[in-house]
Amino acid sequence: MTDKKEQTKEHLQQYLQNYWTAPSIFGSVEPFVVDYATDPTVGGYNIAKSAYQTRHDVFNLDYVAREVGITKDEIESRLKKMIDDHTIMLVLNGNVFAMGFSIYSWLVKLRDGCTPEQREEVTNFMQNQDETCSDIAGEGDFDFLLWNHIGVLDFLLNTIIKPVASFPQVENIHICPVARYVREEKVAHWWAPMGTTREFYITDEEIERFPEVQTYWDETDVKIYCALNKKRPVEDFFNFSVLAELSGLKAEDLKGKMKSYVEELPIMIPLFVPNWRKLGLTKHFFVVRLYRGLPTKDKFSIVDELATNPVWETLWQFTQGYYDIIVSAYKELNDIDKLRAQLRAIPGVEEIREFDAYRMLRRWTCRLDEEDGFWENCVMTNDIGIDGVDPKENELYPYGEYSLREEDK
Amino acid sequence: MKIPKIRPYVLEGLRYAFNPKSIAVVGASRHPERVGWNIIKKLRDDGYVGKIYPVNPRAYPYTILGEKVYKTMRDVPEPVDMAVIAVPFFLVQSVMKDCVANGAKIGLVITSGFKEVGAAEREEEITHYCRNNNFPFIGPNLLGLGSPHTKLNLGFMPYLPLEGNVAIISQSGANLLAWLGMSCVQRLGLSMFAGLGNMADIGFPEFITYAGEDKNTDVIALYIEGIQSKEEFVKACKQVVSKKPIIAIAAGTESARGKSAAAAHTGSVAATNEEYDELFEEAGIIRVRTQQEFVDVAIALSMQPLPKGEWIMITNGGGSGILAMDEFARRGLEPLEVKDFLQFQMMLYAGPVGSPLNPIDLTGMAVWEVYKQAIETAISNPEVGGVLVSVCPTSITYAEKIAAIVYELSKKYKGLDKPIIGQFQGGDECDRANTWLKDRGIPSYLNPERAVAAIAALSKYSEIKGKKK
């Protein structure tokens, strides 16, 4: 067993100096650097996540008040409304690569001429399929964007994708393994360019337009949203005294864990996600294919360059997929034609596909369909802890009437 | 944690726990695979008709299984009789404060992550807070509790057990689940059941006292991994055993591995075998050793009167008789010495190749009429304290017929107040006969050793009651 002290990313990956191969998983750090999936304290995040709906002071409201320039009471009152209205949600994005998973995204195209009922049938299936991690519904060159943390590829192919592919209205599916998870919900993630992880990106133009395109948030609320997501030390993010009071755990312990996970490693990214569907926003996605012969370093450079643009809400780099990059921007807050032109102007871009996303069905195992009564209903997929193999599809279980497979019963 | 004496407010809380008119489920979930969803589902499916208040700020303002969700216990519109707490450990402390604010009568903490994982300090802090506020709670780290009499299935038990008069109080959820399952299959009727978990606040003494007062309970069965308040435990048992027998398994006593498993399981420190023997003797508890013996003995004590003399065994199998006699000896019991006129009578039934001595061997030739005469003779004889009827079905011995005879004669001689135990050994027909008899209040077992274990418990309780007088 490796000593705990030696379980740093650098130490565990020293072996790569002696090999020509990449790590066992795409763009990954060594798995199990940290067992935060089973760590009961997880730096206080879970306490905040379970309490913020009624205890808004789990956040550092003094910081937010200073940042926005209004009183703490007003911050609390506005935050309460945002939370009660379900227009914002506290989220933790854990680095699943550090748990031994890779992220595979996949794009689904429905056949032309699908009726609304046929579309709804697929949508409902995806909404309710708990093995699916994240899922966005849209329309255009693609109709769904999904992504999953996967340990064993068979699980993705057999359990998750196969049932979707078997719908007659599905025309094709592109699997795009994620090599770099650069940005999500406007927050830089683990493989953003060095030093930028956790940075929050938003343009002045977006801030200005935000209050104009919807009725839930005014200018001050938008400022609160920005302040909440601004990169800062964890003690400015959470109120550890309140977390300690709620849990009976020690504030210093909670803070120490959180600093380690969020700031030092970093493998946890706390962020505030807007309910963009409720706020009347549409995400416009560009799915980009680069020329095959383009050197890898150039592909990385293109993504690095895109990462400097605060307009992008999502930015991932793929590997070994038909497509190489996916980016998105809020349609109502930006000039999509201009963004398309910018992308086309990048040397090396061969093809661009586009679609509008109007509904987020699930995100990171959390159901988001507010209208069906499932806002913030966390549904852990059952692959974690069992090596990514779903027994329902695993031929190791031929037990007749004791089989877990429906068809055997 | 230890208690200096039985607390009246805890007994009051336990009355609410087993007869709640309103239940709040804190940590109620919208997801069918979660405990917080299943608790509500099982409550309704198994027939609970009181109010249910799901509590979960994430699920507010939706409904769960048709019940309106509340953000916190403070928002629940009335003080509830029972608050079930199924939230992550780090929220238990704040939820307990909310429960006190609500005025809840008692809490049931399903959550684990306390003493059993080395976090005793965390558990003690919560216990101190609750005791200071007279808010009793069961747990943490437990399976649940319930009663088939009130259709209460509170926790994550898959179904309710058979209704009856035995109370099971168990420190182990897994073993409790086993007994709930065995209850249905082996016809052990329960009045109530409870998993105690870590016993941070409420432990055996108060549960025993409550079960002692419970009108549906005639027998109390305990699974023990450790006892915290020994003096109160003994005191509680002594008060109860003159009215109701108490049986107990003391687990984790046989090996160092067993002890460490108990410590890891519920954070308990098990005593030695000898210490338990001494403690149980003082308290008037009948000690059993295995899951199966626990069930067998509880069935016997819950169904039959106590013997007022020694036992006679009537069988058609020499081998089953010998095994039974060995077991009598191992357990220090002396079967009846059959002599004089009773011996003469039995000689008529046993015939030239059988035996008129205890065990009475009617031989494989015995048909049901012979069994009838032998049993009737034994049961009506004043020398006989109890009758063990053993059957090894042959092609001429019908288990069903003999079971019917045992039942008819038990009714006919009910006024004599003598125990009768059945023992049908063999295949499905014997299983059916044993079950048929148990459904009619006559304990009946597949093996002679199990039958004698039940007989020994009846005799032991007779002795305990005699001492109490």
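This structure is a prediction, so every number in the text was calculated from the model and none was measured.

### What to know about the interface of chain B and chain A
Part 1: With 19 residues of chain B at the contact, the number on the chain A side is 25 residues.
Part 2: Summed over both partners, the interface of chain B with chain A buries about 2000 Å², with 52% contributed by carbon and sulfur atoms.
Part 3: Looking at the side of chain B facing chain A, the largest losses of area belong to Arg30(B), Arg58(B) and Phe90(B), adding up to 35% of the total buried there.
Part 4: The tally of links between chain B and chain A comes to one salt bridge.
Part 5: A salt bridge links Lys71(B) to Asp84(A); the shortest N-O distance between them is 2.9 Å.
Part 6: Put simply, chain B and chain A have five residue pairs in polar contact (both at pLDDT 80 or more) between them.
Part 7: For the side of chain B that touches chain A, the elements supplying multiple residues, two or more each, are α3 (89-102) and α4 (120-132) of chain B.

### Let's talk about the pairing of strand β15 (residues 311-315) of chain B
Residue and element names in this part refer to chain B.
Part 1: Burial analysis of β15 places five of its five residues in the buried class, which makes it a mostly covered element.
Part 2: Burial along β15 is two-sided: Trp311, Met313 and Thr315 and Ile312 and Ile314, pointing in opposite directions, are all buried.
Part 3: Bridge count between β15 and strand β17 (residues 386-391): four bridges; the pairing is parallel. Within β17, the residue paired with Ile312 across the bridge is Val387.
Part 4: For β15 and strand β16 (residues 360-361), the ladder comprises two bridges, and the chain directions are parallel. Bridged to Ile314 within β16 is Ile360.

### Things to note about the nonpolar core
Part 1: Phe238(A) and Met73(B) are the most contacted members of the largest nonpolar core, which totals 111 residues.
Part 2: Looking at which element gives the most residues to this core, the answer is α3(B), with seven residues.
Part 3: Not counting residues within four places of it along the chain, the set of residues in contact with Met73(B) comprises Ala24(B), Val26(B), Val55(B), Val80(B), Ala83(B), Asp98(B), Cys99(B), Asn102(B) and Ala104(B).
Part 4: By size, the runner-up hydrophobic cluster in this structure holds 101 residues, among which are Ile138(B), Tyr210(B), Ile220(B) and Ala283(B).

### With respect to the packing of helix α3 (residues 61-68) of chain A against helix α8 (residues 219-229) of chain A
All names here are of chain A.
Part 1: The interhelical angle for the contact between α3 and α8, taken along N-to-C directions, is 125°, at an axis separation of 9 Å. In terms of axis orientation, α3 runs oblique to α8. Seen along the crossing, α3 lies across α8 with a hand that is right-handed. Contact residues: α3 offers Tyr63, Val64, Glu67 and Val68, while α8 offers Thr220, Lys223, Ile224, Ala227 and Leu228.
Part 2: Its residues assigned to classes, the contact of α3 with α8 comprises six nonpolar, one polar and two charged.

### A look at helix α6 (residues 153-165) of chain A
Part 1: Burial in α6(A) covers these residues: Phe155(A), Leu156(A), Thr159(A), Ile160(A), Ile161(A) and Val164(A).
Part 2: On its buried face, α6(A) sits against β2 (102-110), α5 (116-128), β4 (144-150) and β5 (170-184) of chain A.

### With respect to a negative patch on the surface
Residue and element names in this part refer to chain A.
Part 1: Side chains of Asp204, Glu208, Glu212 and Glu219 sit close together on the surface and give a patch of like negative charge.
Part 2: With three residues, helix α7 (residues 204-213) is the single largest residue contributor to the negative patch.
Part 3: For Asp204, the position within the fold is in helix α7.
Part 4: Judged by relative accessible area, which is 64%, Asp204 ranks as exposed.

### Overview of the packing of helix α10 (residues 240-247) of chain A against helix α11 (residues 251-264) of chain A
Packed helices, taken two at a time, are described by the angle between their axes plus the distance between the axes.
Residue and element names in this part refer to chain A.
Part 1: One way to put it is that α10 packs onto α11 with a least axis distance of 8 Å and a crossing angle of 120°. What the angle tells us is that α10 and α11 run oblique. Relative to α11, the crossing made by α10 is right-handed. Residues Phe240, Ser241, Leu243, Ala244 and Ser247 of α10 lie in contact with α11, whose contacting residues are Ala251, Leu254, Lys255 and Met258.
Part 2: When its residues are assigned to classes, the contact of α10 with α11 shows six nonpolar, two polar and one charged.

### Considering the pattern of salt bridges
Part 1: Tallying each qualifying case throughout the model produces 56 salt bridges over all chains.
Part 2: Here Lys331(A) and Asp356(A) are joined by a salt bridge, their closest N and O atoms 2.6 Å apart. Within this pair, whereas Lys331(A) is found in the loop between β10 (325-330) and α13 (336-344), its partner Asp356(A) is found in strand β11 (residues 349-363), the two being separated by 25 residues in sequence.
Part 3: Asp81(B) is paired through a salt bridge with Lys105(B); the nearest N and O atoms lie 4.0 Å apart. Of this pair, Asp81(B) sits in the loop between β4 (67-68) and β5 (82-85) while Lys105(B) is found in the loop between α3 and β6 (107-109), placing the two residues 24 residues apart along the sequence.
Part 4: Judged by its relative accessible area of 28%, Lys105(B) is partly exposed.
Part 5: Look at the salt bridges and you will find they share partners, linking Lys109(A), Asp112(A), Arg119(A), Glu139(A) and Asp143(A) into a network.

Each value, and the rule that gives it
Residues numbered from 1 in each chain as written. Chains lettered and ligands numbered in written order. Predicted model: local features only at pLDDT ≥ 70, side-chain atom pairs only at ≥ 80, totals over all residues. Heavy atoms only, no water. Contact = heavy atoms within 4.5 Å. Buried area = accessible area lost by both parts, 1.4 Å probe. Salt bridge = Lys/Arg side-chain N within 4 Å of Asp/Glu carboxyl O. Polar contact = N/O pair within 3.5 Å; in protein donor to acceptor, adjacent residues only side chain to side chain. Helix = DSSP H or I, 4+ residues; strand = E, 2+ residues; numbered from the N terminus. Buried < 20%, exposed > 50% of the residue type's maximum accessible area, 1.4 Å probe, protein only. Pairing = 2+ DSSP bridges. Core = buried A, V, L, I, M, F, W, Y, C linked by side-chain atoms within 4.5 Å. Axes fitted to C-alpha atoms, helices over the stretch in contact; angles between N-to-C directions. Parallel < 35°, antiparallel > 145°, perpendicular 65-115°, else oblique. Left-handed = near helix turned anticlockwise from the far one by under 90°. Nonpolar A, V, L, I, M, F, W, Y, C, P; charged D, E, K, R; others polar. Patch = residues over 30% accessible without salt bridge, like charges linked within 9 Å, V, L, I, M, F, W, Y side chains within 5 Å. Areas by Shrake-Rupley, 256 points an atom, 1.4 Å probe, with all protein chains shown as cover. Lys, Arg positive; Asp, Glu negative; His and termini not counted. Charge placed at Lys NZ, Arg CZ, Asp CG, Glu CD.

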